[in-house]
Amino acid sequence: MKELTYTLVADGPSDKCLERIINWALGNASSRQGTLLINSQFADYRDDPDPPRGLVDKLHRASRDFPCDILFAHRDAEREDPEHRRFEILNAAKQVGIEPVVCIIPVRMTEAWLLFNELAIRQAAGNPNGKTRLKLPAITRMEALPDPKAVLYSALETASEATGRRLKQFQRDRPMLKLRIAEYIEDFSQLRALSAFNKFEDEVRAVLAHLGLSQF
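Computed from a predicted structure; not experimentally measured.

Draft legend 1. Spotlight on the overall build of the protein chain. The secondary structure content of the protein chain amounts to 7 helices and 4 strands. Along the chain direction, N to C, the helices and strands of the protein chain fall in the order β-α-β-α-β-α-β-α-α-α-α. A globule of 216 residues ought to have a C-alpha radius of gyration of about 17 Å, and the protein chain, at 18 Å, matches this closely. Taken along the three principal axes of its C-alpha coordinates, the protein chain extends 50 × 45 × 30 Å. Each of the 216 residues in the protein chain was classed as buried or not, and the buried ones make up 46%. For the protein chain, contacts bridging at least 24 residues in sequence account for 74% of all contacts bridging at least 6.

Draft legend 2. Spotlight on the packing of helix α5 (residues 148–160) against helix α6 (residues 164–183). α6 packs onto α5 with a crossing angle of 120° between their chain directions and a minimal axis gap of 10 Å. In terms of axis orientation, α5 runs oblique to α6. Relative to α6, α5 is oriented so that their crossing is right-handed. Two secondary-structure elements touch here, α5 through Leu 152, Tyr 153, Leu 156, Glu 157 and Ser 160 and α6 through Arg 166, Leu 167, Phe 170, Gln 171, Arg 174, Pro 175, Leu 177, Lys 178 and Ile 181. Taken together, the residues that form the contact of α5 with α6 break down as 8 nonpolar, 2 polar and 4 charged.

Draft legend 3. Summary view of the packing of aromatic side chains. All chains considered together, the criterion is met by 9 aromatic pairs. A centroid spacing of 5.3 Å and a plane angle of 80° characterise the contact between Trp 113 and Phe 197, whose relative ring orientation is edge-to-face. Pair noted here: Trp 113 is in the loop between β4 (101–104) and α4 (118–124) and Phe 197 is in helix α7 (residues 195–210), with a separation of 84 residues, a long-range link. An identical accessibility class is assigned to Trp 113 and Phe 197; each is buried. Note on Phe 197 and Phe 200: the rings are 5.7 Å apart at their centroids and 55° apart in plane angle, and the pair reads as tilted. Residue Phe 197 and its partner Phe 200 are located together in helix α7, separated by 3 residues, close to a single helical turn.

Draft legend 4. Main features of helix α2 (residues 54–65). Taking 1.5 Å of rise per residue, the 12 residues of α2 would be expected to cover 16 Å, and the 16 Å separating its terminal C-alpha atoms lies within 8% of that figure. Residues Leu 59, Arg 61 and Ala 62 constitute the buried set of α2. Taken down its axis, α2 places every buried residue within 165° of arc, on the same side. In this fold, the buried residues of α2 make contact with β1 (2–9), β3 (70–74) and α3 (82–96).

Draft legend 5. Seen up close, the sheet that holds β4. The sheet built from 4 strands is open, its strands ordered β2-β1-β3-β4 with parallel pairing. Pairing within the sheet leaves two strands with one partner each, and these edge strands are β2 (36–42) and β4. Going from strand to strand, the sheet's axes swing by 25° on average, the running direction of each strand aside. For β1 and β3, the ladder comprises 4 bridges, and the chain directions are parallel. Directly across from Val 9, in β3, lies its bridge partner Ala 73.

Reading the values: rules and limits
- Residues numbered from 1 in each chain as written.
- Predicted model: local features only at pLDDT ≥ 70, side-chain atom pairs only at ≥ 80, totals over all residues.
- Heavy atoms only, no water.
- Helix = DSSP H or I, 4+ residues; strand = E, 2+ residues; numbered from the N terminus.
- Rg over C-alpha atoms; globule rule 2.2 N^0.38 Å.
- Buried < 20%, exposed > 50% of the residue type's maximum accessible area, 1.4 Å probe, protein only.
- Contact = heavy atoms within 4.5 Å.
- Axes fitted to C-alpha atoms, helices over the stretch in contact; angles between N-to-C directions.
- Parallel < 35°, antiparallel > 145°, perpendicular 65-115°, else oblique.
- Left-handed = near helix turned anticlockwise from the far one by under 90°.
- Nonpolar A, V, L, I, M, F, W, Y, C, P; charged D, E, K, R; others polar.
- Phe/Tyr/Trp six-rings, centres within 6.5 Å; stacked < 30°, edge-to-face > 60°.
- Expected span 1.5 Å × (residues − 1).
- Arc of directions from axis to C-beta.
- Pairing = 2+ DSSP bridges.

Structure follows, in structure tokens:
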């Protein structure tokens, strides 16, 4: 059995949901090499009295504190060109001598990669048998959404069918429901309709090939 350890450096704590997508992409790209034991680490400095300042410091600290075979660096594209974000990540990694690095740059936000699975959203909202229409966009439109986070949160609230105090509590919990949505999704292949996801998968395959673990 081959073993691989990776570290995820993300924009925020709720982006830990990306581990689920990374695990799927790694397993999918390496499946013909036999079983690959994947160990994930999340570089979370929320409770650190001296958290990293800036991307270079964050990557340096993560590589020191969470040794790994691959470092996955996430940044939402938001209003920036994804290639500009990629340059920022790779330039920061070069400054501190980190390799290999895989960039995860959703257009525009991580939430866009969670909108394709209606059942997972209903399950995460705690109401899997709900019938209220969620009005989710077609997957081909997800990268064009100006605010995927707002769309996802609205879908979660609608799916929950919560009212009153329960709705207020639900709204406070929304950010971490991203992780729950990802946990309910077994297959992320539909995301291949998105350019940013294809770029991410290409980088995963290239790094695994470099490490001698890719099926391609």
